[in-house]
Amino acid sequence: MASLANPFSGNVPRKISKEELIQAIRLDIVGELEAIFVYDAHYQATDDPVAKKVLADIRDEEKAHVGELMTLLRHLDPEEAEHFAEGEEEVKEMLEELNITPPKASGKKPESTIGSLLEE
Ligand SMILES: [Fe+2]
């Protein structure tokens, strides 16, 4: 995470390589997950209905950002995407062994994703 005390901590003096970009996207995903954790902690810590609504909305936007970044990471590193798919399949198999139906996505399409940007 960037240090707010150092205004230059995020600056890079050159364009980064594809491998460095992949690492940067992984770091960005960590930042989004941390944001989800913090917003959710604050959501759980208050009974103020307006604060809860705003914090939940922001928290859920961060979840969408994770989805965008994961899609970008799969695009940039298809080999890593195969590992993600392998892990997803392993869990699906475990769920089947337990006679649990895997959860499905809501079907709601995010307003803007890497995929939708490529289609434009
Ligand atoms: Fe975000």
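Everything below is about the structure printed above this text.
What you see is a predicted model, and the numbers here were worked out from it, not measured in a lab.

Draft legend 1. Here's a closer look at the packing of helix α1 (residues 18-44) against helix α2 (residues 49-76). The contact between α1 and α2 brings their axes to 9 Å, and the two run at 160 degrees. In terms of orientation, α1 and α2 fall into the roughly antiparallel class. As for the relative orientation of α1 and α2, their crossing is left-handed in sense. Of the residues belonging to the contact of α1 with α2, the class tally is 18 nonpolar, 2 polar and 9 charged.

Draft legend 2. The arrangement of the environment of Ala 64 in detail. Mapped onto the elements, Ala 64 comes out in helix α2. Distance from Ala 64 to Glu 32, taken between C-alpha atoms, is 9.3 Å for residues 32 residues apart in sequence.

The rules behind these values
Residues numbered from 1 in each chain as written. Predicted model: local features only at pLDDT ≥ 70, side-chain atom pairs only at ≥ 80, totals over all residues. Axes fitted to C-alpha atoms, helices over the stretch in contact; angles between N-to-C directions. Helix = DSSP H or I, 4+ residues; strand = E, 2+ residues; numbered from the N terminus. Parallel < 35°, antiparallel > 145°, perpendicular 65-115°, else oblique. Left-handed = near helix turned anticlockwise from the far one by under 90°. Nonpolar A, V, L, I, M, F, W, Y, C, P; charged D, E, K, R; others polar.

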